[in-house]
Amino acid sequence: MKKALRLSRKTGLVPGSPVFVGEQKQEKTLINLMDFDSGNYEFFDCKNIDDIFPYKDKESTTWVNVYGLHETEILSKIGKQFNIHPLVMEDVLNTKHRPKSEEFDEYIFFIIKMIQYSPGNDELDIEQISLVMNKNFVLCFQERKGDLFHALRERIKNSHGRIRKSGADYLCYSILDVLIDNYFIVMEGLEEQIDKLEEEALEAKAESIQHINNFKQTIVHLRKNIWPLREMLANLVRNESAFFKESTLPFLRDSYDHVLKVVDSLETYRERIVGVMDIYMSATSFKMNETMKVLTIIATIFIPLSFFAGLYGMNFEFMPELKWKWGYFSLLGFMATILISMLFYFRHKKWI
């Protein structure tokens, strides 16, 4: 894995300069193309970037996946061929962008995050997906090969239903829908993890505080990358974008509802993790109080015993008990009586 490239590399450059910002996740940029309509289907890996350009003006629907964003000359060439604004290509190359959508005269542009979560180690895998859609074309820019769209590709390949007949706008919706539906899987992983954290917090283990903080950071990252989707889809649905047919808008509204549910879940988990922290602090305080109680009881028991031990350890010459034959055993018995009496008293008061 290559070293991450920082946003500071763009300082002073002309707006729209093609500079990759992020982490290089594969060695070489790869491209594949899928072209289909109600009766025909074609899919192949492109050996040359020029392979995609003959499909630009076809009446069928074409879906191009570009994997790897670090070879900026390739992406610049694609941008020029499809008349994509340089500022849009600049956003495509910057993998630190928040989700958003922008409409232009000939196309609509989306940035959305593909998110996968590993509950075992609180690791988020966040990849930026950039989509450019026009009348019959969808360009999909990804950071690396490997995604969540296998089932969608199989549906296009094997089905002759809505997705093969509805055009690029429905394909774009389907891509968004796959990514949004995957958020529910992420939410399930978060719920399992927070349940474990609640159980762990009750035990007040030392490492629990680190796990709780890691989970809080996970929620913060997810919220930053999912929350803007609500505004993005709301604008599309409310303004009834010209790039989406009227028949596709109900599906977009459904995706908007899904995003609302995800956002609500995130807010719930954020509140729950605050509660988990409170549970941990309470359990830690209780555990400390129990320890202090035991130590206090032990100290209280030894106060009178230490007094008598110190009294008869002063070695004064005129102490009659020191020369008494049974003095030692009598003192031990008296101290044992005090010990037992105090233990019964503490037990009676339910202090132990």
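No experiment lies behind these values; they were computed from the predicted model shown. (Residues numbered from 1 in each chain as written. Predicted model: local features only at pLDDT ≥ 70, side-chain atom pairs only at ≥ 80, totals over all residues. Heavy atoms only, no water.)

Topic: the overall build of the protein
Right, on to step 1. The secondary structure content of the protein amounts to eight helices and seven strands.
Right, on to step 2. In terms of C-alpha radius of gyration, the protein reaches 34 Å, well past the compact-globule figure of 20 Å for 352 residues.
Right, on to step 3. Looking at the protein residue by residue over its 352 residues, the buried ones come to 43%.
Right, on to step 4. Restricting the contact set of the protein to residue pairs at least 6 apart, pairs at least 24 apart contribute 67%.
Right, on to step 5. Element-wise, carbon and sulfur atoms account for 56% of the exposed surface of the protein, whose accessible area totals about 19,700 Å².
Right, on to step 6. If the 44 positive side-chain charges of the protein are averaged to one point and the 49 negative ones to another, these points end up 4 Å apart. (Helix = DSSP H or I, 4+ residues; strand = E, 2+ residues; numbered from the N terminus. Rg over C-alpha atoms; globule rule 2.2 N^0.38 Å. Buried < 20%, exposed > 50% of the residue type's maximum accessible area, 1.4 Å probe, protein only. Contact = heavy atoms within 4.5 Å. Areas by Shrake-Rupley, 256 points an atom, 1.4 Å probe, with all protein chains shown as cover. Lys, Arg positive; Asp, Glu negative; His and termini not counted. Charge placed at Lys NZ, Arg CZ, Asp CG, Glu CD.)

Let's talk about the packing of helix α1 (residues 72–81) against helix α2 (residues 86–93)
Right, on to step 1. Between α1 and α2, the shortest axis-to-axis distance is 10 Å and the interhelical angle comes to 145°. The handedness of the crossing between α1 and α2 comes out as right-handed. Two secondary-structure elements touch here, α1 through T72, L75 and G79 and α2 through M89, V92 and L93.
Right, on to step 2. For the contact of α1 with α2, the class distribution of residues is four nonpolar, two polar and no charged. (Axes fitted to C-alpha atoms, helices over the stretch in contact; angles between N-to-C directions. Left-handed = near helix turned anticlockwise from the far one by under 90°. Nonpolar A, V, L, I, M, F, W, Y, C, P; charged D, E, K, R; others polar.)

Re the pairing of strand β2 (residues 41–45)
Here is the key point about a regular strand: its side chains alternate between the two faces of the sheet.
Right, on to step 1. Bridge count for strand β1 (residues 30–36) against β2 is five bridges, and the pairing is antiparallel. Among the inter-strand pairings, L33 is bridged to a residue of β2, identified as F44.
Right, on to step 2. Connecting the antiparallel pair β1 and β2 is a turn made up of four residues. (Pairing = 2+ DSSP bridges.)

Digging into the confidence of the model for the protein
Right, on to step 1. Within the protein, residue pLDDT values average 86, and 95% of them lie at 70 or more.
Right, on to step 2. Across the protein, the secondary-structure element scoring lowest on mean pLDDT is helix α8 (residues 327–348), at 83, and the one scoring highest is strand β7 (residues 137–142), at 94. (pLDDT = per-residue confidence, 0-100.)

Considerations on the sheet that holds strand β5 (residues 108–118)
Right, on to step 1. Read from one edge of the open sheet, seven strands run β2-β1-β3-β7-β6-β5-β4, paired in mixed fashion. Single-partner strands in this sheet number two, and they are β2 and β4 (100–103). The sheet shows a mean angle of 15° between the axes of neighbouring strands, direction not considered.
Right, on to step 2. Direction of pairing for strand β6 (residues 123–133) relative to β7: antiparallel, over a ladder of five bridges. What sits directly across from M133, in β7, is V138.
Right, on to step 3. Against the sheet, α2 contacts β4, β5, β6 and β7, and its axis sits at roughly 5° relative to β5.
Right, on to step 4. Contacts from helix α6 (residues 208–239) reach β4, β5 and β6, with the element oriented near 150° to β5.

Quick look at the pattern of salt bridges
Think of it this way: side chains of opposite charge can pair up when their charged atoms draw near.
Right, on to step 1. Counted under the stated rule, the structure contains 14 salt bridges.
Right, on to step 2. Two residues, K58 and D35, come together in a salt bridge whose shortest N-O distance is 3.4 Å. Note that K58 is positioned in the loop between β2 and β3 (61–67) and D35 in strand β1, a separation of 23 residues in sequence.
Right, on to step 3. For K58, a relative accessible area of 32% gives the class partly exposed.
Right, on to step 4. The exposure class assigned to D35 is buried, which follows from its relative accessible area of 6%.
Right, on to step 5. Connected through salt bridges with shared partners, the residues D91, K100 and E102 form a single ionic network. (Salt bridge = Lys/Arg side-chain N within 4 Å of Asp/Glu carboxyl O.)

Regarding the packing of aromatic side chains
Right, on to step 1. For the structure on display, the rule yields ten aromatic pairs.
Right, on to step 2. Measuring from centroid to centroid gives 6.0 Å for F44 and Y55, while their planes differ by 45°, and the two rings are tilted. Remark: Y55 occurs in the loop between β2 and β3 and F44 occurs in strand β2; sequence separation between them is eleven residues.
Right, on to step 3. Residue Y55 is classed as buried on the basis of its relative accessible area of 10%. (Phe/Tyr/Trp six-rings, centres within 6.5 Å; stacked < 30°, edge-to-face > 60°.)

Section: a nonpolar patch on the surface
Right, on to step 1. Together, L339, I340, L343, F344, Y345, W351 and I352 make up an exposed nonpolar region whose accessible area comes to about 680 Å².
Right, on to step 2. For L339, the location among the structural elements is in helix α8.
Right, on to step 3. By relative accessible area, L339 is classed as partly exposed at 30%. (Patch = residues over 30% accessible without salt bridge, like charges linked within 9 Å, V, L, I, M, F, W, Y side chains within 5 Å.)

Quick word on the side chain of E143
Right, on to step 1. Secondary-structure assignment places E143 in the loop between β7 and α3 (150–158).
Right, on to step 2. Reaching out from E143, the side chain makes a polar contact with the side chain of K25 at a distance of 3.2 Å.
Right, on to step 3. Apart from the residues within four sequence positions on either side, E143 is in contact with E23, K25, Q26, G68, L69, T95, I126, E127 and Q128. (Polar contact = N/O pair within 3.5 Å; in protein donor to acceptor, adjacent residues only side chain to side chain.)

Topic: the packing of α6 against helix α7 (residues 249–311)
Right, on to step 1. With their axes 9 Å apart at the nearest point, α6 and α7 run at an angle of 155° to one another. When the interaxial angle is binned, α6 and α7 end up roughly antiparallel. Like other packed secondary-structure pairs, α6 and α7 cross with a definite hand, here left-handed. (Parallel < 35°, antiparallel > 145°, perpendicular 65-115°, else oblique.)

Notes on the nonpolar core
The nonpolar side chains of soluble globular proteins are, as a tendency, buried together.
Right, on to step 1. Among the nonpolar cores identified, the biggest contains 58 residues, and W63, L190 and F244 are the most heavily contacted of them.
Right, on to step 2. Broken down by element, the residue count for this core peaks at 17 residues, all from helix α5 (residues 168–203).
Right, on to step 3. Among residues more than four places away in sequence, those in contact with L190 are Y117, F215, T218, I219, L222, L266 and Y269.
Right, on to step 4. In this structure, C46, I84, L93 and V132 belong to the second largest nonpolar core, which totals 26 residues. (Core = buried A, V, L, I, M, F, W, Y, C linked by side-chain atoms within 4.5 Å.)

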